[in-house]
Amino acid sequence: MGVRDMTCCGSCLRYLMMFFNIIFSIIGFPIFVFGIVLVASPEWFMKAIDSKEINAILQDVGPDVLRTAAITLIVIGLVTFMLGILGCCGARSGNRCLLGLFFTFILIMVIAELAVGISAAVFKGKVSMPMPTCALPR
């Protein structure tokens, strides 16, 4: 079934999928850029937020945690951006290969989220390093 053979409902779903994937791409790209900025110049971020409480927390946890968070933001932003582009191109062209690849990556993400959620529930009491609470508002 080609793109031109779609019914009204199929066409509406195709445009709806394109709309949401464009939104995901628009959201993913700034997250990716923010992570790159954090890796490139964490000092700029420390000056830009100018909050005593947040600066105290960031100084307590150290630069390694900030770098790990920045790399996590880069990965999450890039994956969100690329999945949005992949889904939008697949929906636009109606290519079964692109749509299958998009579905596979979404399925992998859902399984990974379930695994992280289950591990967090199972190992909830075994966390050895508590969050710093010295500068949190009460």
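Above this text sits the structure in question.
First, a word on what this report is: a plain description of the structure on this page.

What counts, and where the lines are drawn
Residues numbered from 1 in each chain as written. Predicted model: local features only at pLDDT ≥ 70, side-chain atom pairs only at ≥ 80, totals over all residues. Heavy atoms only, no water. Helix = DSSP H or I, 4+ residues; strand = E, 2+ residues; numbered from the N terminus. Buried < 20%, exposed > 50% of the residue type's maximum accessible area, 1.4 Å probe, protein only. Contact = heavy atoms within 4.5 Å. Areas by Shrake-Rupley, 256 points an atom, 1.4 Å probe, with all protein chains shown as cover. 1 Å grid on protein atoms, 1.4 Å probe; cavity = no way out; pocket = protein on both sides within 12 Å on 5 of 7 lines; lining within 4 Å. Points joined across faces, edges and corners; volume = space filled by probe spheres on them. Core = buried A, V, L, I, M, F, W, Y, C linked by side-chain atoms within 4.5 Å. Axes fitted to C-alpha atoms, helices over the stretch in contact; angles between N-to-C directions. Left-handed = near helix turned anticlockwise from the far one by under 90°. Nonpolar A, V, L, I, M, F, W, Y, C, P; charged D, E, K, R; others polar.

1. Considerations on the overall build of the protein chain
Here is step 1 of the chain: The number of helices and strands found in the protein chain is five helices and zero strands.
Here is step 2 of the chain: Put simply, the protein chain runs from its N terminus to its C terminus through helices and strands in the order α-α-α-α-α.
Here is step 3 of the chain: Per-residue burial for the protein chain yields a buried fraction of 20% across its 138 residues.
Here is step 4 of the chain: Taking contacts inside the protein chain between residues at least 6 apart in sequence as the whole, the part at least 24 apart equals 69%.
Here is step 5 of the chain: Total accessible area computed for the protein chain in this model is approximately 10200 Å², and 73% of it derives from carbon and sulfur atoms.

2. A closer look at the layout of surface pockets
Gaps left between atoms are located by rolling a probe of water-molecule size over the structure's atoms.
Here is step 1 of the chain: Empty space within the second largest pocket amounts to approximately 170 Å³.
Here is step 2 of the chain: Contributing to the lining of the second largest pocket are Leu 38, Val 39, Pro 42, Glu 43, Met 46, Leu 58, Gln 59, Gly 62, Pro 63, Leu 66 and Arg 67.
Here is step 3 of the chain: Those elements that place two or more of their residues in the lining of the second largest pocket are α1 (8-40), α2 (42-49), α3 (52-61) and α4 (63-93).

3. Let's talk about the nonpolar core
Here is step 1 of the chain: If you look at the biggest cluster of nonpolar residues, it comprises six residues: Leu 38, Phe 45, Met 46, Leu 58, Leu 66 and Ala 70.
Here is step 2 of the chain: Every element with two or more residues in this core is listed here: α2 and α4.

4. As for the packing of α4 against helix α5 (residues 96-122)
Here is step 1 of the chain: The contact between α4 and α5 brings their axes to 8 Å, and the two run at 145°. Where α4 crosses over α5, the two elements pack in a sense that is left-handed. Contacts from Val 79, Leu 83, Leu 86, Gly 87, Cys 89, Gly 90, Ala 91 and Ser 93 in α4 reach Leu 98, Leu 99, Leu 101, Phe 102, Phe 105, Ile 106 and Met 109 in α5.
Here is step 2 of the chain: A class-by-class count of the residues in the contact of α4 with α5 yields 12 nonpolar, three polar and no charged.

5. So, the side chain of Ser 25
Here is step 1 of the chain: Looking at the secondary structure, you find Ser 25 in helix α1.
Here is step 2 of the chain: By relative accessible area, Ser 25 is classed as buried at 8%.
Here is step 3 of the chain: Setting aside residues up to four positions removed in sequence, Ser 25 forms contacts with Phe 81, Gly 84 and Ile 85.

Function-wise, these values are silent; they only describe arrangement.
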